[in-house]
Every structure is written in structure tokens, then in C-alpha cells.
Amino acid sequence: MAEKSETDITGAQWVRALALARGLDRAHALFPAAVAAAVARGTSSLGPQPAKFSAVTEPAVTFDPAEFGDGSGEPT
Amino acid sequence: MSELAYLTIAEAGRLIRARQLSPVEFTKALLARIAATEPTYHAYIAVTEELALAQAKTAEAEIMRGDWRGPMHGVPYAAKDIFDVAGMATTCHSRLRIDHRATADATAVVRLREAGAVLLGKLALHEFATGGPTLELPWPAARNPWNLDLHPGGSSSGSGVAVAIGTAPGALGTDTGGSVRNPATCCGVIGMKPTYGTVSRAGVFPLAFSLDNVGPLTRTVEDNAILLKAIAGHDPADPASAHRKPADFTGTLDAGVKGLRIGLIAHFYTEDMIAAPEQSAAIAAAADVLRRLGAEVREIRLSSLQRYTECGRTIHLAEAYAVHERDLQERPQDYAEITRKKLLPGAFIPAVDYVRAQQLRTVLCAEFAAAMRDLDAVITLSSLDLPCRIDDAETIAKTYERQCRMPFNVTGTPAIAVPTGFTAAGLPTAMQIVGRAFAEPMVYRVAHAYCAATGWCERHPPVKAAEREKSLVE
């Protein structure tokens, strides 16, 4: 049987805590349902990664599509 | 009047150069048509009549003395109200921006001014290029020209509508997850998302930095290439601007598709998600047209549509929230409900998911590049569904998940939406033609061959005008 922690909180409290941590007190007070939906959407998993994905894959932070194949055009 | 309204950029440019068409008369005709149609279609947020007439007079004087600047000289256009125009509000169709005043023109607007083009006005959009049609905003939502009860697509909604109903021969839009190609699809016009970095985003209000593109909407492929040519090119004011000379977008338009190898990404809309039968049938017929024109069309497989979309969506949400965080904290009530719902999830995306999405993007870009190694272009659907009712927010929200456009914001590659026909109810269907990075000439070449063979681009919606102005549009 799972141990019950003294810090167990309800879903609604969790949503409120997250909203407050993000400075969204006002949004939560005015639009609690929208904030709850946003928490659910924002924290949903990205889904399974493809076979070629690796934890050390370089992210495309400075994104340059030319690195991934060039159709035409001349560099200046 | 309707002859001038549906004059293409290419035709107008040739007539203006030959002094057979006055830029002032052309501009006046379009301004009159805007006045007549706006009460019905709501494509424009602001009409820049004074500026347009001044620019048209200047263009006319220059051309009369032999100083012709190029194919956009004296030709009118309009811009989504997310582009800065000095002295005007860049409203982003939002209450939050009513008091804004731009101090300088966006680079794309500067380039068109330097090309001698005439700015007719600023166009409606979805709030901050992400919300949706709603009655909550200070300006009404643009209406679908083929059926006023339906959604015109977005977020560059006014751009699609104005081009379709002949109140602008070309328009500027922006595309972060399909916002040029969606209204092009719903309105039956041509919409191009060029390679990321091709057109400067300087002076354009951002949505998601690493996915945002400026792109043209027009009624013909040739016009699209002309308009893109006028605005493309490196700009030091945009950190993502590509360091390369723009290709010749119009030079190979007439080269045809004989011998080209074209991939068909059917699993996006037949397995990953199931498209409306009218959309599937139309792209199957389009593939047959390309085969008849001499192209080799064969199915290819990529990662699932959901994987591409989720990658793009995660990046989109996180970057868009960074732009809007302060306003969402301090004045969330000033956003429309539909916009709040779209922006707030970005507050809760874990940092690791954003990094994972950018890593996934690397993998997906490499996958797409590998698939393109022995192909000249690929085709797939644009929207999976037909336009739904403009007052059906729930269905509109679903249609934004049911589209094949985001994959090419993720890969950063050029993608154009072109009409593939009309349903029995008279609604346009569309497909995308996609190329390698910076291969816009190839994308335009395939699109031009297809459109010339089918003639779908030559259909115009039945334009309704306010009664008092009716004579102006007939």
C-alpha cells in the first residue's frame, strides 16, 4: 500500500501552486478552468522519440535549415 | 471594375511599365472595392488610403519619366497587421496593442516601398497570429469568401480573404505553424511559406522565434514568386536571416515537371490521421495530373504527422509564452478567450521538453533531408478538413490539430499551398508542394505547372458588396 505523504495535494491545489509559481495568480483567479487545461496540456508528454534520437543529439537551437540539405541559391 | 480587381501582379506590372495602366487609377479602383466589400468581409483592420494614393502618384510620376523600378512598381498590396508601418499601430488584432505606434517600417514593408509598391492597408488576423475568430476583439473576424458562415483559415485570415475577393492582388502574411498556407487553403489562393530565414522578420511581431516566417499570398504562382522576390534577402536586423542571395524565383516557372521526381506523403492523411474524403480525392487527382504532365510521383514515408506536429507545437508553445508571459501575468483578461487558451500551456512546458523538441527537430530535419536526396519535391495535404463554421470554436480548435503544415515549419523548408479543386458545395480544397531548403524555384516550378494545367487558381468567389456600393464591384 502506498504511503500517504503529509504533502499530498489535490489536483486543483497542484494547478494553483504551479500557476502561482509562474506568476499567473491573476489568470488563475479569473480563468481557473483555462489554467487547469493549460497545465494538463503543457505538462503532457512529448511522446516516444524516434529510433535515431539520442539524449546527446545536438538541439536545433540556432536553427539553420541549410545544414539539412541545400536546394539552390548562392551564399552571399 | 472586376477586371481591375482580379488583375494579377504580373499583368498589372506589365501594363504599368508600358504606361497602359495608371497606378493611381488601379489604386483608386481597389480602394473603392475595399469600401464596398469591407462591411461584408472584414479583411482590413486599417485602410491606408492617403498613403496609398501618395505612393501611387509617386510611382506614376517615376514611371512616366522612365524610372521603372521593377514588377512591383505601382502595384498595390496589403500586409497582415503584424507588420510595422511607421506611425501606425501594429495591432496584432488585439486589444493589448490599440495604443501601439510603430516608429519604423518592417523590413518587408521597406523592401516593398523601395520596389515602388503601394500599401493599401493592414489586414485582419487571429489575435497575435495564434488566437482564432471571435467576437471578443475590437475588430471583427474576416469571413470566408466562398461561404460567409465559414472560417477563412488563419492566422493570416485577412490576407487570404483580401486576395481572394480582389481587394489586394497580393498580401503579406506570417506562418509559424501554417498561418499563410491555412488561409490560402480555405480561401482558394496561393500561399507560400519560404525557407526559414529567406524573408526578414525584423519589424514583425513574433509568435515563435525559431518557427516564424514571412510569406506572400497571391492569386497566381507567378505573382507569388514576384512578391517573394521583392521581399527576400539577407537583413542584418534579423538574427535568423539567411546569408545568401535570393534565388531566381521566376526564372524556371515555365520549365514544367517532365522528368521530375515527386514524393507523395500520403500516410500523414491516410494513416496518421484520416482526412475528409474531398481533400484525399483532390490530392489523388492532383498526383495524377502531375503524372500526366510527365513527373514521376511515388509514395514516401516519414515519421508520423503527430511526431512532427508535437515537436513543432512544443517549440511553438514555449517560445510564444516567452513573448506573452508578462501580459498573461498582468492583464490576462485583455486577451480573447481562444488566445488565452492557446498561449497559457506554454507556461507549464518543462525546460527539458523544449530541449527535447529541439533535439527531435534535428532528427526530423535530417530525416526529411534524407528523403529529399532523390526527390525534387514532395506533395501532401494542407488541411485535413474543409472549413468549418466561423462560430464553432470547438471544431476550429480541432482543425488546427488536423493539418499537415507544421512539419515544414519544423524542417524550415519551403512549402506552398495551391488549390486542388472545389467540393460539391463550392469550397476550395488544397495541397502543399514542398522542396529542399532554399529550393523555392523548384517549388514554384511544380506549383506553376500544376496550376496552369488545372486552372483552379482562375476561379473567384462570388463577391457580395454593400448595397450602396454594389455598382463599384460589378
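Note that this is a predicted model, so its numbers are computed, not measured.

Draft legend 1. Local environment of the sheet that holds strand 3 (residues 118-123) of chain B. All names here are of chain B. Overall, mixed pairing links the 11 strands, which are arranged 1-3-2-4-6-5-11-12-10-8-9 in an open sheet. On the outer flanks of this sheet lie strand 1 (44-47) and strand 9 (296-299), each paired with one strand and no other. On average, each strand axis in the sheet is tilted by 30 degrees relative to the strand beside it, whichever way the strands run. Taken together, the seven bridges between strand 11 (residues 415-422) and strand 12 (residues 428-434) define a ladder with antiparallel strand orientation. Its bridge partner being in strand 12, Pro-419 is matched across the sheet by Ala-430. Contacts from helix 6 (residues 157-164) reach strand 1, strand 2 (76-80), strand 3, strand 4 (170-175) and strand 6 (213-218), with the element oriented near 155 degrees to strand 4.

Draft legend 2. Quick peek at the packing of helix 5 (residues 107-114) of chain B against helix 8 (residues 221-231) of chain B. Residue and element names in this part refer to chain B. The interhelical angle for the contact between helix 5 and helix 8, taken along N-to-C directions, is 105 degrees, at an axis separation of 8 Å. By the criterion of interaxial angle, the relationship of helix 5 to helix 8 is roughly perpendicular. Seen from helix 5, the contacting residues are Ala-108, Arg-111 and Leu-112; seen from helix 8, they are Leu-227, Ala-230 and Ile-231. Taken together, the residues of the contact of helix 5 with helix 8 break down into five nonpolar, no polar and one charged.

Draft legend 3. Representation of the packing of aromatic side chains. Summed over the entire model, instances satisfying the criterion amount to seven aromatic pairs over all chains. With centroids separated by 5.3 Å and ring planes inclined at 45 degrees, the aromatic side chains of Phe-128 of chain B and Phe-205 of chain B adopt a geometry described as tilted. On the criterion of sequence distance, the pair formed by Phe-128 of chain B in the loop between strand 3 and helix 6 and Phe-205 of chain B in the loop between strand 5 (190-193) and strand 6 is long-range, its members being 77 residues apart. Like Phe-128 of chain B, the residue Phe-205 of chain B is buried in the burial classification. Taking the centre distance of 6.2 Å and the plane angle of 70 degrees together, the rings of Phe-249 of chain B and Tyr-444 of chain B count as edge-to-face. Taken as a pair, Phe-249 of chain B in the loop between strand 7 (244-245) and strand 8 (261-264) and Tyr-444 of chain B in helix 16 (residues 440-454) lie far apart in primary sequence, 195 residues in all. The same class applies to Phe-249 of chain B as to Tyr-444 of chain B, namely buried. Through a chain of ring-to-ring contacts, the aromatic side chains of Phe-128, Phe-205 and Tyr-335 of chain B assemble into a single cluster. The ring of Trp-68 of chain B carries the charged tip of Arg-17 of chain B above its face, separated from the ring centre by 3.8 Å. Between the NZ or CZ atom of Arg-340 of chain B and the centre of the ring of Phe-31 of chain A, over which it lies, the distance is 3.4 Å.

Draft legend 4. Structural detail: the interface of chain B and chain A. Listed per partner, the contact involves 47 residues of chain B and 44 residues of chain A. Taking both sides of the interface into account, the surface hidden between chain B and chain A amounts to around 3,900 Å²; carbon and sulfur atoms contribute 64%. On the chain B side of the interface with chain A, the three residues burying the most area are Arg-244, Phe-348 and Gln-359 of chain B, jointly 18% of the side's total. Scanning the region where chain B abuts chain A turns up two salt bridges. Glu-325 of chain B is paired through a salt bridge with Arg-22 of chain A; the nearest N and O atoms lie 2.9 Å apart. Across the contact surface, chain B and chain A share nine residue pairs in polar contact (both at pLDDT 80 or more). Secondary structure elements with two or more residues in the side of chain B that touches chain A: strand 7, helix 11 (305-330) and helix 13 (351-372) of chain B. Counting residues per element, the side of chain B that touches chain A draws most heavily on helix 13 of chain B, at 13 residues. When the residues that make up the side of chain B that touches chain A are grouped by side-chain class, the tally is 24 nonpolar, 11 polar and 12 charged.

Draft legend 5. A look at the pattern of salt bridges. Residues and elements named next belong to chain B. Applying the stated rule across the entire model yields 21 salt bridges over all chains. With a closest N to O distance of 2.8 Å, Asp-105 and Arg-113 form a salt bridge. Judged by relative accessible area, Arg-113 falls into the partly exposed class, the value being 40%.

Draft legend 6. Local environment of the nonpolar core. Residues and elements named next belong to chain B. Ranked by size, the top nonpolar core spans 155 residues in total, and within it Met-72, Phe-83, Leu-290 and Ile-433 carry the most contacts. Of the residues forming this core, the biggest block, eight residues, is contributed by helix 16. Contact partners of Ile-433, with chain neighbours within four places excluded, come to Ala-377, Val-378, Ile-379, Pro-414, Ala-415, Ile-416, Val-418, Val-443, Val-446 and Ala-447. Membership of the second largest hydrophobic core comes to five residues, among which are Leu-150, Leu-386, Phe-422 and Leu-427.

Draft legend 7. Geometry of helix 14 (residues 393-401) of chain B. Residues and elements named next belong to chain B. Those residues of helix 14 that fall on the buried side of the exposure criterion are Ile-396, Thr-399 and Tyr-400. Relative to the axis of helix 14, the buried residues are bounded by an arc of 105 degrees and lie together on one face. Residues of helix 14 that are exposed and angled more than 90 degrees away from the buried face: Glu-394 and Lys-398. Those residues of helix 14 that are buried lie in contact with helix 7 (181-187), helix 11 and helix 12 (337-343).

Rules used in this analysis
Residues numbered from 1 in each chain as written. Chains lettered and ligands numbered in written order. Predicted model: local features only at pLDDT ≥ 70, side-chain atom pairs only at ≥ 80, totals over all residues. Heavy atoms only, no water. Pairing = 2+ DSSP bridges. Helix = DSSP H or I, 4+ residues; strand = E, 2+ residues; numbered from the N terminus. Axes fitted to C-alpha atoms, helices over the stretch in contact; angles between N-to-C directions. Contact = heavy atoms within 4.5 Å. Parallel < 35°, antiparallel > 145°, perpendicular 65-115°, else oblique. Nonpolar A, V, L, I, M, F, W, Y, C, P; charged D, E, K, R; others polar. Phe/Tyr/Trp six-rings, centres within 6.5 Å; stacked < 30°, edge-to-face > 60°. Buried < 20%, exposed > 50% of the residue type's maximum accessible area, 1.4 Å probe, protein only. Lys NZ or Arg CZ within 6 Å of the ring centre and 35° of its normal. Buried area = accessible area lost by both parts, 1.4 Å probe. Salt bridge = Lys/Arg side-chain N within 4 Å of Asp/Glu carboxyl O. Polar contact = N/O pair within 3.5 Å; in protein donor to acceptor, adjacent residues only side chain to side chain. Core = buried A, V, L, I, M, F, W, Y, C linked by side-chain atoms within 4.5 Å. Arc of directions from axis to C-beta.

Interpretation note: all reported values are geometric properties and have no functional meaning in isolation.
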